[in-house]
Amino acid sequence: MSFDLIVKGGVLPDGTQADIAISGAQIAAVELGISADAKTVIDASGKLVSAPFVDAHFHMDATLSYGRPRVNASGTLLEGIALWGELKPIQTREEIVARALEYCRQAIGKGVLAIRSHVDVTDPELKTVEALLEVRDRMRGLLDLQLVAFPQDGWYRAEGAEAQVVRALDAGVDVVGGIPHFERTMADGAASVRAACELAAQRGLMVDLHCDESDDPMSRHVETLAAETVRLGLQGRVAGSHLTSMHSMDNYYVAKLIPLMAEAQVAAIPNPLINITLQGRMDNYPKRRGMTRVPELRAAGITVAFGQDCVRDPWYPLGSGDMLDVAHMGLHVAHMTSPDDMRAAYDMVTETPAHILGLDYGLKKGGRASLVVLDAPDPIEALRLRPARLHVVSNGRVVAQTVPASTTVLADI
Ligand code: FE2
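Here the structure is a predicted model, which means the values were calculated and not measured.

This model, assessed by the stated rule, comprises 3 aromatic pairs. Both rings, one in Phe58 and one in Tyr103, keep their centres 4.3 Å apart while their planes meet at 15 degrees; by these two values the pair is stacked. Of this pair, Phe58 sits in strand β6 (residues 53-58) while Tyr103 sits in helix α2 (residues 93-109), and the two are 45 residues apart along the sequence. Tyr103 carries the same exposure label as Phe58, and that label is buried. Ring centres 6.3 Å apart and planes at 50 degrees place the aromatic pair Trp84 and Trp315 in the tilted group. Of the two residues, Trp84 sits in helix α1 (residues 77-87) while Trp315 sits in the loop between α9 (294-299) and α10 (323-333), which places them 231 residues apart along the sequence. Seen from the ring of Phe182, Arg157 lies directly overhead, with NZ or CZ sitting 4.2 Å from the centre. Looking at Arg220, its charged tip hangs above the ring of Tyr253, at a distance of 3.7 Å from the centre.

Taken domain by domain, the protein chain consists of domain 1 (2-51 + 362-401) and domain 2 (53-357). In this assembly, 22 residues from domain 1 lie in contact with 21 residues from domain 2. Between domain 1 and domain 2 the total buried area reaches about 1700 Å² when both faces are included, carbon and sulfur atoms providing 65% of it. When the buried surface of domain 1 facing domain 2 is broken down by residue, Leu383, Arg386 and Arg389 rank first, second and third, together holding 38% of it. Put simply, domain 1 and domain 2 have 3 salt bridges between them. Residue Arg368 is joined to Asp144 by a salt bridge in which the shortest nitrogen-to-oxygen separation is 2.9 Å.

Turning our eyes to something else, we now look at the coordination of the iron ion. At this site the iron ion is bound by His57 (NE2), His59 (NE2), His210 (NE2), His242 (NE2) and Asp309 (OD), with donor distances of 2.1 to 2.6 Å. Linear spacing of the donor residues for the iron ion on their chain is H-x1-H-x150-H-x31-H-x66-D. Residue His57 is located in strand β6, and its partner His210 is located in strand β10 (residues 206-211); the two are separated by 153 residues in the primary sequence. Residue His210 is classed as buried on the basis of its relative accessible area, which comes to 3%.

If you add up the space inside the largest pocket, you get close to 380 Å³. Lining the largest pocket are 23 residues, and of these Leu77, Leu78, Glu213, Ser214 and Asp215 lie nearest its centre. Of the residues in the lining of the largest pocket, the class split is 7 nonpolar, 8 polar and 8 charged.

With respect to the secondary-structure elements, Ser248 resides in the loop between β11 (238-242) and α7 (251-264). When its relative accessible area of 16% is taken as the criterion, Ser248 is described as buried. For Ser248, the side chain forms a polar contact with the side chain of His247, separated by 3.0 Å. At a separation of 2.8 Å, a polar atom in the side chain of Ser248 contacts the side chain of Arg288. When sequence neighbours within four positions are dropped, the list of residues in contact with Ser248 reads Asp215, Pro217 and Arg288.

Ranked by internal contacts, the top residues of the largest apolar core, which has 102 residues, are Met60, Val135 and Phe306. It is α2 that contributes the most residues to this core, 8 residues altogether. Residues lining this core come from more than one domain, with at least three contributed by each of domain 1 (2-51 + 362-401) and domain 2 (53-357). Ranked by size, the runner-up nonpolar core spans 29 residues in total, among them Ile20, Ile27, Ile269 and Leu390.

Let us now look at the pairing of strand β8 (residues 144-150). Within a regular strand, the side chains alternate between the two sheet faces. Here β8 lies mainly inside the structure; 6 of its 7 residues are buried. Sheet topology places strand β7 (residues 112-120) next to β8; 7 bridges connect them, and they run parallel. Within β8, the position partnered with Ala114 by the bridge is Asp144. For the handedness criterion, the β-α-β arrangement of β7, helix α3 (residues 127-139) and β8 is classed as right-handed. Between the parallel pair β8 and strand β9 (residues 175-176), the chain is carried across by helix α4 (residues 161-171), and the sense of this crossover is right-handed.

The strand order β6-β7-β8-β9-β10-β11-β12 describes an open sheet built from 7 strands, whose pairing is parallel. Unpaired on one side and paired on the other, β6 and β12 (267-269) mark the two borders of the sheet. Sheet analysis places β11 next to β12, joined by 3 bridges and oriented parallel. For Ser241, the partnering residue across the bridge sits in β12 and is Ile269.

What counts, and where the lines are drawn
The residue numbers shown here count from 1 along each chain, following its written sequence. Reporting in this predicted model follows two pLDDT cut-offs: at least 70 for local features of residues, and 80 or more for side-chain atom pairs to be given and counted; totals over whole chains, interfaces and linings ignore these cut-offs and use all residues. Hydrogens and water are ignored here; the side-chain numbers use all heavy atoms of the structure. Between 30 and 60 degrees the pair is tilted, below 30 it is stacked and above 60 it is edge-to-face, where a pair is any two Phe, Tyr or Trp rings, Trp via its six-membered ring, whose centres lie within 6.5 Å. Secondary structure elements are taken from DSSP: a helix is a run of H or I of four residues or more, a strand is a run of E of two residues or more, and numbering for both begins at the N terminus. To sort residues, take the accessible area from a 1.4 Å probe on protein chains only and compare it with the maximum for the residue type: under 20% means buried, over 50% means exposed, and anything in between is partly exposed. Two thresholds decide whether a charge sits over a ring: the Lys NZ or Arg CZ must be within 6 Å of the ring centre and within 35 degrees of the ring normal. Domain extents, as shown, originate in an automatic or database domain assignment. Two residues form a contact once any of their heavy atoms are found within 4.5 Å. Buried area is understood as the total, over both parts, of accessible area removed when two parts are fitted together, assessed with a 1.4 Å probe. Salt bridge, as used here: a side-chain nitrogen of Lys or Arg that lies within 4 Å of a carboxyl oxygen of Asp or Glu. Counted as donors are the N, O and S atoms within 2.8 Å of the metal, or 3.2 Å for Na, K and Ca, while water is not among the atoms, so some sites may look incomplete. Any residue with an atom within 4 Å of a point lines the site, the site being either a cavity, points on a 1 Å grid over the protein atoms alone where a 1.4 Å probe fits but cannot get out, or a pocket, an open set with protein on both sides within 12 Å along at least 5 of 7 lines. Grid points are joined across faces, edges and corners, and a volume is the space filled by probe spheres set on the points. Side-chain classes follow a simple rule in which Ala, Val, Leu, Ile, Met, Phe, Trp, Tyr, Cys and Pro form the nonpolar group, Asp, Glu, Lys and Arg form the charged group, and the remainder, Gly included, forms the polar group. The definition of a polar contact used here is a pair of N or O atoms within 3.5 Å, where within protein one atom must be able to donate a hydrogen and the other to accept one, and adjacent residues in sequence count solely through side-chain atom pairs. As used in this record, nonpolar core signifies buried Ala, Val, Leu, Ile, Met, Phe, Trp, Tyr and Cys residues forming a set joined through side-chain atoms within 4.5 Å. Strands are treated as partners if at least two bridges between them are detected by DSSP. Crossover handedness is defined here as right-handed if the route from the first strand over the helix to the second strand goes clockwise, with the strands pointing away from the viewer.

This is the structure in structure tokens:
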């Protein structure tokens, strides 16, 4: 028997050793000591071999636009939204496509093979939507791009935005988005959550809302999101992204809210790199940390995945597309430093977001042959070192390789 590709001697994230044999775009076997021939053999002896990284929350229409037309002086979410509003009318579809493809190239090099990207639909020409639909097509078979119809300037606050969401879905965008905390009033925000969930229920789609992304302890949209999810029978198809206001909420109220979210099976997608910088900007000391209550949500059985959110755009000047950077920051902010918690942080940028996106995923016989070989022996060392992705395989094809940097210390120690 001959295979197309065998990855030999690797260590899976759960610590078991296995060779992985691949035929075409499928995994043919995951077992120790595969001795058959293969056209290509990757020696992964002692290296972590993982299913690919998955980013559950990104903005690919804005990525790599940092400085255009100016930088965000205050560092706040609201100035970022205003700045994006300045860029929207002056950017072309071609440059959105070019930036997004460049980002995909960088992400693939880091072993990211699936991304859920929000796409702003409030541009009347839908340039952003058309651009990212093109990128989704061009990436097919290489990187799974799932798109969320995101009315950045408000479902009701921006004139015509609700109709634009529908137009974007008609054009092929996958998921219903929203931004209830940016509506004019709390009541408008709640109404926008209801409208988004009803639209998703009518069309059989998933929902992923930017929800309660503020320092306001009274923001209540995730409560509405959980209630609407139950009312419309959308359990397991709904995610609340950011949820930063939860860090400021009254503990008594949160003790009611988290069970509501668990009942509704609403997933949570915190974005630690971005919200540690955007939130708390109006605080004196102590300054709030800007991330939702990750350990408490996980303890209640809620699905929680870390997202990247932004790379070099109106909201964030840094970022590299490396989901290990995201998990590294996330575990710090969430105090997730026990060995079990650190392993969980690795899952929160691999398996968990794959589950939220509904992907065919995982290193198993018959599964898609997509994987990453890392220059580290296990997930915790991978988080500590954020090492080279030695080989990235997508649907049976080796799509990226990295030669690790080599340092020689010349000092006499
Ligand atoms: Fe976001």
